[in-house]
Amino acid sequence: MLQPLRKLFEQIGSGSDIDVHNEQDVRLVSAALMVEVATVDQRLDEKERDTLVRLLRERYQLDAGLARDMVHNAIDQREQATSLYEFTQTVNEQFDEHDKYLLVRQMWQVAFADGVIEALEEHLIRRVAELIYLPHGLFTRARAEARDMGDRG
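Presented here is a report on the structure given in the accompanying data block. Nothing here was measured: the structure is a model prediction, and the numbers come from that model.

All right, on to the side chain of Glu121 then. Locating Glu121 in the fold gives a position in helix α7 (residues 119–131). Despite being buried, Glu121 has no salt bridge partner; Arg43 is the closest side chain of opposite charge, sitting 6.8 Å away. Beyond its immediate stretch of four places on either side in the chain, Glu121 contacts Val37, Val40, Asp41, Glu48, Ala111 and Val116.

For α7, with 13 residues, the first-to-last C-alpha span of 18 Å sits near the 18 Å given by 1.5 Å per residue. All of the buried residues in α7 are Glu121, Leu124, Ile125, Val128, Ala129 and Leu131. Down the axis of α7, the smallest arc covering the buried residues is 170°, so these residues share one side. In α7, the exposed positions that point more than 90 degrees away from the buried face belong to Ala119 and His123.

Taken as a whole, the largest pocket encloses approximately 190 Å³ of empty space. Considering the residues around the largest pocket, the lining is formed by eleven residues, among which Thr51, Arg54, Gln109, Ala113 and Gly150 are closest to the centre. At the level of secondary structure, the elements contributing two or more residues to the lining of the largest pocket comprise α3 (46–60), α6 (97–112) and α8 (136–152). Broken down by element, the residue count for the lining of the largest pocket peaks at four residues, all from α3. Looking at the lining of the largest pocket, its residues break down into four nonpolar, four polar and three charged.

The α-helix advances 3.6 residues per turn, and as a result positions three or four apart in sequence lie on the same side. Here helix α4 (residues 64–76) spans 18 Å end to end across 13 residues, near enough to the 18 Å set by a 1.5 Å rise per residue. Residues Ala64, Leu66, Ala67, Met70, Val71, Asn73, Ala74 and Ile75 constitute the buried set of α4. The N-terminus of α4 is capped by Asp63, whose side-chain oxygen sits 3.0 Å from the backbone nitrogen of Gly65.

On to the packing of α6 against α7. Across the interface, α6 lies against α7 with an axial gap of 10 Å and an inter-helix angle of 175°. Judged by the inter-axis angle, α6 sits roughly antiparallel to α7. Residue-level contacts link Val104, Met107, Trp108 and Ala111 of α6 to Glu121, Glu122, Ile125, Val128 and Ala129 of α7. Of the residues that constitute the contact of α6 with α7, the class distribution is seven nonpolar, no polar and two charged.

Core analysis: the biggest nonpolar cluster contains 44 residues, and Leu33, Leu56, Val104, Met107, Trp108, Ile125 and Leu134 have the highest contact counts within it. Elements that contribute at least two residues to this core include exactly α2 (26–39), α3, α4, α5 (84–94), α6, α7 and α8. Ignoring any residue separated from it by four or fewer positions in sequence, one finds Trp108 in contact with Ile117, Glu122, Ile125, Phe139, Ala142, Arg143 and Ala146.

Turning next to the packing of α2 against α6. Interaxial distance between α2 and α6 falls to 8 Å at its minimum, and their mutual angle equals 30°. Classified by the angle their axes make, α2 and α6 are roughly parallel. Between α2 and α6 lies a crossing whose hand is right-handed. Contact with α2, carried on its side by Ser30, Leu33, Met34, Val37 and Ala38, involves Leu103, Gln106, Met107, Val110 and Ala111 of α6 and no other residues of that element. Among the residues making up the contact of α2 with α6, the classes are represented as eight nonpolar, two polar and no charged.

Calculation rules
Residues numbered from 1 in each chain as written. Predicted model: local features only at pLDDT ≥ 70, side-chain atom pairs only at ≥ 80, totals over all residues. Heavy atoms only, no water. Helix = DSSP H or I, 4+ residues; strand = E, 2+ residues; numbered from the N terminus. Buried < 20%, exposed > 50% of the residue type's maximum accessible area, 1.4 Å probe, protein only. Lys, Arg positive; Asp, Glu negative; His and termini not counted. Salt bridge = Lys/Arg side-chain N within 4 Å of Asp/Glu carboxyl O. Contact = heavy atoms within 4.5 Å. Expected span 1.5 Å × (residues − 1). Arc of directions from axis to C-beta. 1 Å grid on protein atoms, 1.4 Å probe; cavity = no way out; pocket = protein on both sides within 12 Å on 5 of 7 lines; lining within 4 Å. Points joined across faces, edges and corners; volume = space filled by probe spheres on them. Nonpolar A, V, L, I, M, F, W, Y, C, P; charged D, E, K, R; others polar. Polar contact = N/O pair within 3.5 Å; in protein donor to acceptor, adjacent residues only side chain to side chain. Axes fitted to C-alpha atoms, helices over the stretch in contact; angles between N-to-C directions. Parallel < 35°, antiparallel > 145°, perpendicular 65-115°, else oblique. Core = buried A, V, L, I, M, F, W, Y, C linked by side-chain atoms within 4.5 Å. Left-handed = near helix turned anticlockwise from the far one by under 90°.

Here it is, written out as structure tokens:
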């Protein structure tokens, strides 16, 4: 999944501040994991898609077009995704505990976007949280905050 996203950034050109040659670009990993949550149930609700774009824009200061392209490309390439371990290894190498917490909260926000938490979504988020060694207290806090954010929006 990372390779097609990297090609997208290369096509956009030098106007982007993303290091397309960095194999471990955290923005790509974050996008891939959030898209996985949105598509794990084989359905992609428009609210989930909008949430993906909004979260990428907010977290990484991307313009709307680039965020939409990232989401679209990640969805198209989902079948070619490498193992979850590859993504979580990158998270472990490059994210501090706060960034891990924010990533898991964003994953929950995507899951809550359509108003229904599917068992597959919850399982995936729980598995990622375990693989990135996020303490259980932060996992449950991320879920509660994401749910509350959905209630307000």
